[in-house]
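Reading the structure
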Amino acid sequence: MQLTNRSKVVSDKNMTIAEGSYLPAVLKGMAVTLKHFFKRPVTLKYPEQTRENSEVYRGRHVLKRDENGAERCTACGLCAVSCPAEAITMIADERQKGEEGKYREEKYAAVYEINMLRCIFCGLCEEACPKEAIFLTKELLPSDYEREDFIWGKDRLVEGLEADKRIDVSKRQDR
Amino acid sequence: MDTLFLLDKTVIAFIAFSVTLLIATYSTYAERKIAAFMQDRVGPDRAGPFGIFQPLADAGKFFFKEEIIPNASDKFLFIAGPGIAMLTALMTSVVIPWGNTLTISGREISLQVSDLNIGVLYIFGVVSLGVYGIMIGGWASNNKFALLGAIRASSQMISYELSMGLALIALIMMTGTLSLKEIVEQQHGMNWNIFYQPLGFLLFVVCAFAECNRTPFDLAECETELVGGYHTEYSSMKLGFYMFAEYINMFISSAFMASLYFGGYNFPFMDSLGLSQNAITIIGVFVFFLKIFSFIFLFMWIRWTLPRFRYDQLMRLGWQYMIPLALIHLFGVGAVLLWADK
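Residues numbered from 1 in each chain as written. Chains lettered and ligands numbered in written order. Predicted model: local features only at pLDDT ≥ 70, side-chain atom pairs only at ≥ 80, totals over all residues.

**Here's the deal with the overall build of chain B**
Definition in use: Helix and strand assignments come from DSSP, with helices taken as H or I runs of at least 4 residues and strands as E runs of at least 2, each series counted from the N terminus. The globule rule is 2.2 Å times the number of residues to the power 0.38, and the radius of gyration it is compared with is taken over C-alpha atoms. We call two residues in contact when the distance between their C-beta atoms, placed using the backbone, is within 7 Å.
In terms of helices and strands, chain B carries 11 helices and 2 strands. Whereas a compact globule of 342 residues would reach a radius of gyration of roughly 20 Å, chain B reaches 21 Å, a difference of no more than 12%. Each principal axis of the C-alpha distribution contributes one length, and for chain B these read about 60 × 50 × 45 Å. For chain B, restricting intrachain contacts to residue pairs at least 6 apart in sequence, the fraction spanning at least 24 positions comes to 80%.

**Re the overall build of chain A**
In plain terms, the rule: Counting other C-beta atoms within 10 Å of a residue's own tells you its class, since 20 or more makes it buried, 12 or fewer makes it exposed, and anything in between is partly exposed; those C-beta atoms are placed from the backbone.
For chain A, the helix and strand inventory stands at 6 helices and 5 strands. Over its C-alpha atoms chain A spans a radius of gyration of 27 Å, topping by over 25% the 16 Å that the globule rule assigns to 175 residues. For chain A, the C-alpha atoms occupy an extent of roughly 95 × 35 × 35 Å along the three principal directions. Burial analysis of chain A (175 residues in total) assigns 17% to the buried set.

**Some thoughts on the sheet that holds strand S3 (residues 107-115) of chain A**
Residues and elements named next belong to chain A. The following threshold applies: A pair of strands is treated as paired once DSSP finds two or more bridges between them.
The strand order S2-S3-S5 describes an open sheet built from 3 strands, whose pairing is antiparallel. Looking at the sheet topology across the chains shown, the edges are occupied by strand S2 (88-94) and strand S5 (151-152). Sheet analysis places S2 next to S3, joined by 7 bridges and oriented antiparallel. Paired with Thr89 across the bridge in S3 is Glu113.

**Here we look at the packing of helix H7 (residues 198-211) of chain B against helix H11 (residues 311-341) of chain B**
Residues and elements named next belong to chain B. Basically, it comes down to this: Between the N-to-C directions of two axes lies an angle of 0 to 180 degrees, each axis being a line fitted to C-alpha atoms and, for a helix, fitted only over the stretch in contact. Angles below 35 degrees are treated as roughly parallel, those above 145 as roughly antiparallel, those between 65 and 115 as roughly perpendicular, and all remaining angles as oblique. In this scheme the handedness of a crossing depends on how the near helix is turned from the far one: anticlockwise by less than a right angle means left-handed, clockwise means right-handed. Amino acids are sorted into nonpolar (Ala, Val, Leu, Ile, Met, Phe, Trp, Tyr, Cys and Pro), charged (Asp, Glu, Lys and Arg) and polar (every other residue, Gly among them).
At a closest axis distance of 10 Å, the pairing of H7 and H11 adopts a crossing angle of 150°. Our classification of the angle between H7 and H11 gives roughly antiparallel. Crossing geometry of H7 relative to H11 is assigned as left-handed. Contacts between H7 and H11 pair Leu199, Gly200, Leu203 and Val206 from the former with Met322, Leu325, Ala326 and His329 from the latter. Here the residues of the contact of H7 with H11 sort into 6 nonpolar, 2 polar and no charged.

**Here's the deal with the nonpolar core**
Which entries qualify depends on this criterion: By convention the nonpolar core is taken to be a set of buried residues drawn from Ala, Val, Leu, Ile, Met, Phe, Trp, Tyr and Cys and joined through C-beta atoms within 7 Å.
In terms of nonpolar packing, the biggest core is built from 85 residues, with Ile134, Ala153, Ala167, Phe204, Cys207, Ile248 and Phe251 of chain B touching the most fellow members. With 14 residues, the single largest contributor to this core is helix H9 (residues 236-261) of chain B. Contact partners of Phe204 of chain B, with chain neighbours within four places excluded, come to Met164, Ala167, Leu168 and Met257 of chain B. The next biggest cluster of nonpolar side chains, apart from the first, holds 21 residues, and it includes Val62, Leu63, Ile88 and Tyr103 of chain A.

**Examining H11 of chain B**
Note: α-helices contain 3.6 residues per turn, so residues at a spacing of three or four share the same orientation. Residues and elements named next belong to chain B. Filter applied, for reference: One fewer than the residue count of a helix, multiplied by 1.5 Å, yields its expected span. One axis is fitted to the seven residues ending at the residue and one to the seven starting there. The bend at that residue is the angle between these axes.
Across its 31 residues, H11 extends 43 Å between first and last C-alpha, which sits within 8% of the 45 Å expected from 1.5 Å per residue. Residue Met322 marks the point of greatest curvature in H11, where the axis turns by about 30°; the proline Pro324 follows within four residues. Inspection of H11 places Leu314, Leu317, Gly318, Met322, Ala326, His329, Leu330 and Val333 among the buried residues, and these make up the whole buried set. Elements that come into contact with the buried residues of H11 comprise helix H5 (144-175) and H7.

**What about helix H3 (residues 75-91) of chain B?**
All names here are of chain B. Under the 1.5 Å per step criterion, the end-to-end length of H3 is 25 Å for 17 residues, consistent within 8% with the ideal 24 Å. Along H3, the helix axis deviates most sharply at Gly81, where the bend reaches about 25°; the proline Pro82 sits within four residues downstream. Phe78, Gly81, Pro82, Ile84, Ala85, Thr88, Ala89 and Leu90 are the residues of H3 that are buried. Buried residues belonging to H3 abut helix H1 (3-38), helix H4 (119-140) and H9.

**Concerning the pairing of strand S1 (residues 101-104) of chain B**
Residue and element names in this part refer to chain B. Pairing geometry for S1 and strand S2 (residues 107-110), over 4 bridges, is antiparallel. Considered in S2, the bridge of Ile104 is made with Arg107. Joining the antiparallel neighbours S1 and S2 is a turn of 2 residues, in which Ser105 adopts a positive phi near 45°.

**Things to note about unusual backbone geometry**
We note that Glu132 of chain A has phi near 50°; this positive angle belongs to a residue other than glycine. By the element assignment, Glu132 of chain A lies in the loop between helix H4 (124-128) and strand S4 (134-136). Although it is not a glycine, Ser236 of chain B sits at a positive phi angle of roughly 60°. Within the secondary structure, Ser236 of chain B sits in helix H9.

**Structural notes on the confidence of the model for chain B**
What counts here: Scored from 0 to 100, pLDDT reflects the predictor's confidence in each residue.
Scored by pLDDT, chain B has a mean of 85; 99% of the residues are at 70 or more. Here the predicted complex scores 0.80 on pTM and 0.76 on ipTM.

**Describing the packing of helix H2 (residues 54-64) of chain B against H9 of chain B**
Residue and element names in this part refer to chain B. The N-to-C vectors of H2 and H9 enclose an angle of 135°; their axes lie 6 Å apart at closest approach. Considered as vectors, H2 and H9 are oriented oblique to each other. Side by side, H2 and H9 meet where Ala59, Phe62 and Phe63 of the first sit next to Ser236, Met237 and Gly240 of the second. Taken together, the residues that form the contact of H2 with H9 break down as 4 nonpolar, 2 polar and no charged.

**With respect to the environment of Glu246 of chain B**
All names here are of chain B. Mapped onto the elements, Glu246 comes out in helix H9. Residue class for Glu246 comes out buried when judged on the 24 C-beta atoms lying within 10 Å of it. As for Glu246 and Ile52, which are separated by 194 residues in sequence, their C-alpha atoms are 20 Å apart. With residues up to four places along the chain from it excluded, the contact list for Glu246 reads Cys212 and Asn213.

**What about the environment of Val287 of chain B?**
All names here are of chain B. Along the polypeptide, Val287 turns up in helix H10 (residues 277-303). Under the C-beta neighbour-count criterion, Val287 is labelled buried, with 21 such atoms within 10 Å. Spatially, the C-alpha atom of Val287 lies 7.5 Å from that of Asn266, the residues being 21 residues apart in sequence.

**Details of the environment of His329 of chain B**
All names here are of chain B. Take His329: it is sitting in helix H11. The exposure class of His329 is buried, given the 20 C-beta atoms found within 10 Å. Considering only alpha carbons, one finds His329 and Ile23, 306 residues apart in sequence, at a separation of 34 Å. Non-local contacts of His329, meaning those with residues more than four positions away in its chain, are made with Ala167, Ala170, Leu199, Gly200 and Leu203.

Structure, rendered in structure tokens:
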């Protein structure tokens, strides 16, 4: 049986004089390297160029707002429970009068932290979320210098209010 | 010996010296770029456009690195080792004929620092001294790996010098002179020695790879087995000197092979172009460097193609195949010369 047409039958027969001098094999190898010499490099010059990720890529998280700009998260804690890496912590608080535009439900997350070094980007948090508040995005997690800086709070997780700062996750929603 | 003559020679020696250093510096860059291209990568591209300042950055790094001299080492020899390696590498460029003679205001200036009548022998002697740099460095480090690397380097050099010498004797029997300048002059136009002794050239190239400690014969510093080989304990610019000496050796042996077998500064149709002597000389210098660069490229091409030999394979190749082959070649050339003489 043959899986590919590249397989070769090997044998332990003695080498001929030409083969024993290794020169034909050396020249063959040099032809291979020379062929690669003129090939286009496959390098991606990372900080300047980035590879386009798929629309359903599981990158860094976002906490969504609803169409009125209110945070959807109600601090139920299901994401934290479902998280296999235990990366999510939160502290819930009660919505005060006059904050209806800021928070969608009566309860909201005063503190919502994801430790990005613990996170394994499995996407179970978004599956667990009953309010469609947390989603993974196609953006990559940027590098940083300190371990503490990888604990993302609401300042970095919640998407912006303005229409152009909203992060489109419809592809992951439809999935 | 007049002052002008001395001045000429000083200038030429200085130019040869700086060109050698410059080319050795940029060989490191070329090596990294060629390695990258052969592996479908880009290579160093951050320092300046296309990374052309990379060698300067490397040198700067070497200078600012902490210098460590092991307590148990022989301090004098430890410092002397890289110095000897560098010195012997640089000394060889003296007898290389970089070009023919230039005539400036009636005076003939030979583009060669010194036309020794034993130039080939001189290069051979100095190159053999080069192994002392490696041996002393490896021994003085007082480190098992360094010592193993040094032993390997010296036995490899001794083994391959034999067949190199035998290949060279065959060439010298044909040319009848040991002066590099005369050997190059005899290959005027397209009358290159490679066409007369292709087997000798092949033997010589293989031995030159071994002498320069280049892959597939880089057992003296094979990282996978010996940490760093003879320069395991070296750091900072001393390590830089060893690496630099290797690149200078590569450049000089390229120049040596180009002048011995590929006609040095001679190029085809040099007489029928109708140019003045000075113009031909200047073109010749460029042609010579073109040949040298092709050889350097060959060195790097082989390095990024072939894996390293095992030590017993290296010794078997050297003693059981190269030397008998070189001897047969030598006798064959002798027989042909005798027959042609009749």
